[in-house]
Amino acid sequence: MSTNFKRFLATLLSLICCITTGTHIVTAKHSVVNTTTKTAKSASMISGLFNLIKNANKDKFCETAANENTIKVFFHKEAAIKEVSLEEYIKGVLYGEMPSSYSLEALKAQAVAARTYTVYRIRNGSTHRNGADICTDYTHCQAWTAGSAETPYPEAIERAVEETKNTICTYNGECINAMYFSNSGGATEAIENVWGGREIPYLKSVASPGESVFYDFCQVKTYSYDEFAAAVDSYFDNDADIDVEVGIKNIQNIKRSPAGRIISAEIGGITSTGLQIRAMFSLRSSNVYFSQDGSTISIVALGYGHGVGMSQCGAQAMAENGADWVEILKHYYTGIDISLLC
Ligand SMILES: [Zn+2]
């Protein structure tokens, strides 16, 4: 690891700060209720607030959510679509997406993010041609791990889903696209810096403290010059102009987002996106740093995943520092409210 990179890493980590926000609960699709701006710490208090909202707006809520109580899930290993209750599906997602040993507040935040992600897909059109609302393939939708009579879900999984039942994140009264990933490497990423396209107000870059203690924080890969050239040639099908002798100088004009991820770089004369570079070297993220030592090239990737939305490791770090699930979600999804489906 070069001195410059160590210095960068130290600077990055020193910038990390913790942000907490107040609780602000509104109704899904409606902005009728603004219950409190004071942070609610107890589950019973939050539950009580939800009941008030539910009773005041019951008809509108239930009309909105009527077709979301049961959803069509494509179980990709069985290649079969089954109708399951939204809440039962969310238990499997939570069990598949986050270790049940994580703090209850982190598990609750993940349960709400997963529920929100699911409802967003139902309301905004599924990408499954077979008629399913969502699938169990984590590379396409969300991970899902079954519980059964023989191997029931851990109590923490059951509790996190039950205690956040029917809760989603909204922005201006609309269900948000609640993207999430494993580890940001120190700061999350604005969506337009990963996939291009328009900005989304609730998917901005935010600091994500406390992630460096997790395994997913840092990946280091080392290549000989020949191996490096072979990886680039393989990705570009030999169209890149790679000079094996110059090593790291094959990489030019690296442009980064303020959060650090590569937006573009020229590799062998070909302009590549951060996602392409991640795929080229099978990296965990596009927050990538190159260094050269003698005849080897080292690649360091910070974090794990696309970096947009909620960091699962960051959620756990916040929970360990006393944040509740509402504070976690409001930290990672800028300007959102917590709302009830029904
Ligand atoms: Zn899918």
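Parameters and conventions
- Residues numbered from 1 in each chain as written.
- Predicted model: local features only at pLDDT ≥ 70, side-chain atom pairs only at ≥ 80, totals over all residues.
- Heavy atoms only, no water.
- Salt bridge = Lys/Arg side-chain N within 4 Å of Asp/Glu carboxyl O.
- Buried < 20%, exposed > 50% of the residue type's maximum accessible area, 1.4 Å probe, protein only.
- Phe/Tyr/Trp six-rings, centres within 6.5 Å; stacked < 30°, edge-to-face > 60°.
- Helix = DSSP H or I, 4+ residues; strand = E, 2+ residues; numbered from the N terminus.
- Donors = N, O, S within 2.8 Å, 3.2 Å for Na, K, Ca; no water.
- Tetrahedral: all angles 85-135°; square planar, octahedral: opposite > 155°, others 65-115°.

Draft legend 1. Spotlight on the pattern of salt bridges. Within this structure, the stated rule accounts for nine salt bridges. In this structure, Glu-163 engages Arg-159 in a salt bridge whose closest nitrogen and oxygen atoms are separated by 2.7 Å. The exposure class of Glu-163 is partly exposed, given its relative accessible area of 32%. Overall, Arg-159 belongs to the partly exposed group, its relative accessible area being 42%. Here Glu-199 and Lys-204 are joined by a salt bridge, their closest N and O atoms 2.8 Å apart. Judged by relative accessible area, which is 24%, Lys-204 ranks as partly exposed.

Draft legend 2. Geometry of the packing of aromatic side chains. Within this structure, the stated rule accounts for nine aromatic pairs. Centroid distance Tyr-117 to Tyr-180: 6.2 Å. Interplanar angle 65 degrees. Geometry classified as edge-to-face. With Tyr-117 in helix H5 (residues 104–124) and Tyr-180 in strand S6 (residues 180–181), this pair connects stretches of sequence that are 63 residues apart. On the basis of relative accessibility, which here comes to 10%, the residue Tyr-117 falls in the buried class.

Draft legend 3. View of the coordination of the zinc ion. Distances from the zinc ion to its protein donors, His-128 (NE2), Cys-135 (SG), His-140 (ND1) and Cys-141 (SG), fall at 2.0 to 2.2 Å. Seen from the zinc ion, its four donor atoms lie at angles of 97 to 119 degrees, and the figure they make is tetrahedral. Judged by its relative accessible area of 14%, His-128 is buried. We classify His-140 as partly exposed; its relative accessible area is 39%.

Coordinates in, geometry out; function isn't part of it.
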